[in-house]
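Structural description and commentary
The primary structure of each chain is shown beneath.
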Amino acid sequence: MQQYHVLLIMAGHPAASSSLFVSLFSFLVAALVVGQQQAALAAAQESAAVPVPVPVRVGVILDWASPVSRRRRTGIQMAVEDYYAAHPGSAAKVELHFRDSAGDVVGAASAAVDLIKNAQVQAIIGPQTSSQAEFVASLGSRAHVPVLSYSATSPSLSPSQTPFFVRTAANDSVQALPLAAFLAAFGWRAVAVVHEDSPYGAGILPALADALASAGVGSGAAAAITHRAAVPGDASDERLDAVLYALAAAPTRVFVVHARYALAARLFGRARAAGMVAEGYVWVATDGVGSFIDRFSREELEDMQGVVSVRPRVKYTTSEVRNFTARFRARFRRDYPEVDDEHVVRDEPTVMRLWSYDTAWAIAAAADVAAPGAVQPTPQRRTALTDLDRVGVSATGAALLKAVLDTSFDGMAGKFTLVDGQLQVAAYEVVNIVGRGARTVGLWTAPDSTKALKLKHILWPGDTLSTPKGWTPASQNGGNPVLRVAVPVKHGFKQFVDADPENSSRFTGYCIDVFDEVMRSLAYPVVYNYVPFPNSSDAYDMLVDLVRQGEADAVVGDVTITASRMDKGVDFTMPFTESGWAMVVAVREDAGASCMWVFLQPLTTSLWLASLAFFCFTGFVVWVIEHRVNPEFRGTPSQQFGLIFYFAFSTLVFSHKEKLESNLSRLVVIVWVFVVLILTSSYTASLTSMLTVQKLQPTVTDVRELQRWGHNIGHQEGTFIKPLLVKMGFDERRMKKYSTVEEYADALSRGSANGGVDAMFDEIPYLKLFLSQYCDGYMMVGPVYKTDGFGFVFPRGSPMVSDVSREILRLAEGEKMARIEKAWFGEPDAGACRSSSSAAAVGSSNLSFRSFGGLFLITGVVSILMLLLYLATFAYRERDELRAAEAEAKAEAASGSGSRSASVRRMRAWLQHYDRKDLKSPTFKTWNDDSLRNGSEFAGRTPRWNAESPRNGTPIAGEEEHAMGGRSPLSVYISSEMNTSSPPEGTPVSVMGESFEQRVEGAAASEMGRSPASQVQ
C-alpha cells in the first residue's frame, strides 16, 4: 500500500518522481555490483578448491623428414593424452615442444640447445640415433636435464658416463646373448659380422665376441668372429658389392648383420643379386631388421627369404595394444590425410613405437612425483662465446631424474622397469622371415640364458630345411674353392710322407693316406691339391708359418703338435700317431752273468746293508724278550752273541728251531719271516733273470751319463727336439743331425769315439720304424718325454679342425687306421725285436731299498713296539727287586768300595737283575714240577751258591749277586741255570743249539751216576 501510495505521489508531483527515480537507479546499480563481487568470490573459492596443474615442459627431438618420425610424434602425443585421461587430478601437466634434428648430429645438438636455453624444458625425449643421442646426453648432463631415448641402443652410450641419460630401450649388448645362443645351437665355429659404420653398428661387437665365447663353454663349440665388414649408412651399390665379394672369398658362410632396416634392405638386395642368399648360406640379423618387418616392401622381403632375426618379445595381441593400434590409425589418418590410406590400414605397431609411447607415459608419471622448476642460468665466470656457454642448470633436474628411474608400470611393450638407467628386456624371440612376414621359431629368456636354445624347423635361404654347415673352403680366384695343402719334402723316413718336388702329382706316405681317408669320411666334399715345399725339412716351423701367412690352407705331414707352433696363429687337429720322444742306444754283450760276484748284483748296496741291519736288530729284540724266560737264550756271552746272529740269519732258510716262550717275540718273528719271504723271492727272481733271460746290456742307460761324459748325440734334421736338448743341458757342439734310418744305424754303431753318436733322440714313431728295420744291436731306453704326436695344421678358427679331428677319432677306433699302419710299417716279429720294456729291465734289474721300504718299516715298527712293551712290563713287575738293587748299589757307593759313579752302579744293578732267570715264568716252574714228580734227588737238594747259602734252596737277590762277584751280567754258569742244584763249580752250559729238554735229561742222568757227596759242593 505504501509503494502504491508513493507511486501516486510521484504521479501527482513531477519533481518528486524524478528524485525517486534517481534513488531507485542507484539502488539497482549497487545491487548489481554486490552480486558481481559475490560471484567473483564464489569463483575464487571454487578455483582455490581445484588446483591448477603445474606445467612441465618436455622437448621432443625428431627427424621430420623421416616418415617414421610422424608416427613417433603421434604416439608420443597419444601417450600424454592417455595418461591425463586416466589421471585427471594430476598435479603436473606435460607440455610437448617438438624440434627437428634434420637427421644429423649438429641439427640434434642445435635443437637440444634451443630446447634447454629458450624453451626452458625440464626433460628431452630423443633423438633417434645413437650418435645424436650421445651429444644431446652430454648437454643434458651439463644442464641437469634428463634425456630419455627409446631408440639409442648402442652400448657405447652408457648412463654411467652421462648420468642424466636414460635408455628406455634395450641395450644392443643384451641381444648379443640370444644371437650367440642361436649360433651355438648349430655348432657353427666361425661367423662374419657386417655392421653399419656408426656408433650404433660398432657398439655391439665387443659384447657379441664375449657372448660367442661364453656360449660355447659348456658345449666346447665356441664361435669366433673371423671377418668383420663396416658399411656406411649411405654406401653405394658398388661399395656393398665389394664388401659382399670379400665375404664370399672367405670360407665362412655364417653372416651376422647389424644395421638399421634401410641399410639392411639394400644389403640383402645386393646379396641376393650376387647369389649369396642361397643354399649353404646363413644370414642372421639383429633387431634392426626383426623389429621392422612391417617397414619392408614386398620386393625387400623377397630378398630376405630365409633370413633369421632376433627381436625383443612384445605381446602384440593384448587388448591394450589392439585398442592403441586402432586409435593410432584413426589419429594418424586425421593428422596426416596426405599419407596413403592403404599404408595406414596395414600399419602394424613396432617395438620402437611402443617404447616411445611408454617413454612419454613414464615422463608424465614422473612429473607427478617431482615438481620441476625452471632452468636457471649458471653464473658465468668467463665471457660466454657460444650458446652452449649460456645453457643453464635445472634446479630440480635431479629430482625429476630420480622420479623417472623409480617409475615402474605395465606398459604397451611390457613391464617398464629401469635398472642402472636402462630398460630391462626379459625375453627375445627368434623369427624366420618367410613369405611376407616372419614366424617365431624360438624364444630366449634371460633366466634360462645358460640353457640350450630350443628351435623349431627353420626355412634357410634357398628354400631348404637342411641346416647349412656354415663354411666352405676359401676361393682365391672366385672359381671353385680348392684347398692348398702344403706337404714337406723329406730326405729320409719317407714312409711317413714322400713328396717329389719334380712330380707334383706324386704324394705318398702314411700321413698322406690318413689325410685322404679323413677327407673321404667327411659329410661334405672337399677339393684340395697337395703342394710340395722343398725347404721344409730344415725347419718345420717355416712350414707352419705358411698357413699363418695365408700361403697355404693346410699342412699335411709328420708335423708334431707343440705349444710354440700353436702360438703361431694356427690350429692343430687331434693327433693321429703315438706321442712322446725318447732315445735309442746300441747294446753290447752283458758280462755280468759270468762275473764271480754276480750273486751280489740283484740287490743294491743300500738294500744289502739295510737287510743286514734288520737281521741283527730282529735277533737282538728276540734275545731281549726271551733271555729271562727261555733257557735256550741263556749261556756264556759268546754263546748268547752267537745265538743272536744265528737265530736271525737262520730265518733266511726257515731253519730256526729255538722254541719261543713269549708271545711278543713270536709276533716279531712272524712279521720278520714274512719280510724274509718277500726278500728271498725277489732276490731269486732277479738273479734268475740276470743269469738266464737277458744277455745284452745297453751302452748308455741314463741321459745324465751322456752329459757327464760328454758323449755325442744325434737327432733328425728339422726336428723340434734340438732346442729341448739344449734346454736339458746338452752341448750343441756335441749334437749331430741325420736324415735316414741307415744314417742312424751307422752313427750308433761307430759311437762317439769313431765320429758317431752314443744315443739318438727322436720321436716314438721314427724310433719304432728304426727298430723295426734294425732289431739286433739297438734298443730304446730311458724315459719317454711327452708330446702330442702328429697332427694336421689349419688356420686359426677354421671350422674344419673339429670335423677332421672327429673323423680321426673314428678312424682310430676302426680297422682302417690299423690297415694303413700295416701297409707302411708292416708287422714286426714279436720275437725278433726287443721291446723297450725288456730293455728297461736290463738297465735297472737290481732291487733297491726303496722297493722294500714299506716292509722294513712294518717290521721295524712291530719290533720296536714289542721291545718297548716288554721293557715296560719288566720294569713294572720287577719294581720291588729293582728298588732293592738300586738301594744296595747306593749303599755300596756310600761305603766307598769301588770307583764307579752312582749312575753306573745303578745301571749295573739293573742289568744284573735282568740277567737272572725269571723263576716266576711257566718255563722254569714246569721244569721243577717235572723233576719232583720224577723223584730226582738232584731236584730236591739245595744248591750251594756260596758258603752261606739259604736252607730253602732258593737264593735271594743279594746273595746271588754276591755269589757272582764281579762277573759280567752275561757271564752265567750252570750254577745259575739249575733251580735246585748244580754240577761242579765252573762247568759251563752245553752248546746253545742243544734243546732245553736234552739238557734236563743229561743233568738227571749225571746226577744219578754221582755219589751224594759229590753232587753238592
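Coordinates for the structure precede this section.
Residues numbered from 1 in each chain as written. Predicted model: local features only at pLDDT ≥ 70, side-chain atom pairs only at ≥ 80, totals over all residues. Heavy atoms only, no water.

To continue, consider the sheet that holds strand S6 (residues 190-196). The strands making up a sheet associate through backbone hydrogen bonding, with each pair oriented either parallel or antiparallel. In spatial order, the strands read S7-S6-S8-S9-S10-S17-S18; together these seven strands make up an open sheet with mixed pairing. Of all strands in the sheet, those bounded by a partner on one side alone are strand S7 (224-231) and strand S18 (437-445). This sheet shows a mean twist of 25 degrees between the axes of neighbouring strands, independent of strand direction. Here two bridges tie strand S9 (residues 282-285) to strand S10 (residues 308-312), and the two strands are oriented parallel to one another. (Pairing = 2+ DSSP bridges. Helix = DSSP H or I, 4+ residues; strand = E, 2+ residues; numbered from the N terminus. Axes fitted to C-alpha atoms, helices over the stretch in contact; angles between N-to-C directions.)

Here we come to the packing of helix H4 (residues 105-117) against helix H5 (residues 130-143). Orientation of H4 relative to H5, taken along the N-to-C sense of each, is 25 degrees, at an axis distance of 8 Å. It follows that H4 is roughly parallel to H5 by the angle criterion. Between H4 and H5 lies a crossing of right-handed hand. Side by side, H4 and H5 meet where Val105, Ala108, Ala109, Ala112, Val113 and Ile116 of the first sit next to Ser131, Gln132, Phe135, Val136, Leu139 and Ala143 of the second. In terms of residue class, the contact of H4 with H5 is made up of 10 nonpolar, two polar and no charged. (Parallel < 35°, antiparallel > 145°, perpendicular 65-115°, else oblique. Left-handed = near helix turned anticlockwise from the far one by under 90°. Contact = heavy atoms within 4.5 Å. Nonpolar A, V, L, I, M, F, W, Y, C, P; charged D, E, K, R; others polar.)

A few words on the nonpolar core. Ile125, Phe182, Leu183, Trp355 and Ile363 are the most contacted members of the largest nonpolar core, which has 83 residues in total. With 13 residues, helix H15 (residues 351-369) is the largest single contributor of residues to this core. Among all residues touching Leu183, those that are not within four sequence positions of it are Trp188, Val191, Leu212, Val254, Val256 and Val284. Counting residues in each nonpolar core, the second largest holds 54 residues, with Phe576, Val584, Ala586 and Val801 among its members. (Core = buried A, V, L, I, M, F, W, Y, C linked by side-chain atoms within 4.5 Å. Buried < 20%, exposed > 50% of the residue type's maximum accessible area, 1.4 Å probe, protein only.)

This model, assessed by the stated rule, comprises 51 aromatic pairs. Between Phe507 and Tyr530, the aromatic rings sit 5.4 Å apart at their centres with planes inclined by 45 degrees, giving tilted as the arrangement. One end of the pair, Phe507, is in strand S21 (residues 507-508); the other, Tyr530, is in strand S22 (residues 528-533), with 23 residues separating them in the sequence. On the basis of relative accessibility, which here comes to 16%, the residue Tyr530 falls in the buried class. In this structure, Arg70 packs its charged tip against the face of Tyr336, placed 5.7 Å from the ring centre. Of note, Lys93 hangs over the ring of Tyr84, and the distance from its end group to the ring centre comes to 4.7 Å. (Phe/Tyr/Trp six-rings, centres within 6.5 Å; stacked < 30°, edge-to-face > 60°. Lys NZ or Arg CZ within 6 Å of the ring centre and 35° of its normal.)

Helix H28 (residues 816-825) packs onto helix H17 (residues 510-521) with a crossing angle of 155 degrees between their chain directions and a minimal axis gap of 10 Å. It follows from the interaxial angle that H17 and H28 lie roughly antiparallel. Crossing of H17 over H28 shows right-handed handedness. Here H17 contributes Tyr510, Asp513, Val514 and Glu517 to the contact with H28, which in turn contributes Lys816, Met817, Ile820, Glu821, Trp824 and Phe825.

This part takes up the environment of Tyr785. For Tyr785, the location among the structural elements is in strand S30 (residues 778-785). On the basis of relative accessible area, Tyr785 is assigned to the partly exposed category, the value being 24%. C-alpha separation for the pair Tyr785 and Trp581, spaced 204 residues apart in sequence, amounts to 5.2 Å. Apart from the residues within four sequence positions on either side, Tyr785 is in contact with Gly580, Trp581, Val703 and Met728.

With that settled, consider the pairing of strand S27 (residues 713-716). On S27, burial covers both faces: Ile713 and His715 on one face and Gly714 and Gln716 on the other are all buried. The sheet contact formed by S27 and strand S28 (residues 735-738) spans four bridges and is parallel. Bridge pairing links Gly714 to Lys736 in S28. Taken together, S27, helix H24 (residues 721-728) and S28 form a β-α-β motif whose crossover is right-handed. The pairing of S27 with strand S29 (residues 759-763) spans three bridges and is parallel. Within S29, the residue paired with Gly714 across the bridge is Met760. (Right-handed = clockwise from strand over helix to strand, strands pointing away.)

Once that is clear, we can look at a nonpolar patch on the surface. Together, Met596, Trp597, Phe599, Leu600 and Trp608 line one region of the surface with nonpolar side chains, adding up to about 540 Å² of accessible area. As for its position among the elements, Met596 is in the loop between strand S25 (581-589) and helix H20 (605-626). Given the relative accessible area of 65%, Met596 is considered exposed. (Patch = residues over 30% accessible without salt bridge, like charges linked within 9 Å, V, L, I, M, F, W, Y side chains within 5 Å. Areas by Shrake-Rupley, 256 points an atom, 1.4 Å probe, with all protein chains shown as cover. Salt bridge = Lys/Arg side-chain N within 4 Å of Asp/Glu carboxyl O.)

Under the definition given, this model contains 30 salt bridges. When the shortest N-O distance is used, the salt bridge between Arg733 and Asp731 registers 2.9 Å. With a relative accessible area of 74%, Arg733 lands in the exposed category. Its relative accessible area of 31% is what places Asp731 among the partly exposed residues. Ionic contacts of the salt-bridge type, sharing partners, join the residues Glu81, Arg331, Arg334 and Asp335 into one network.

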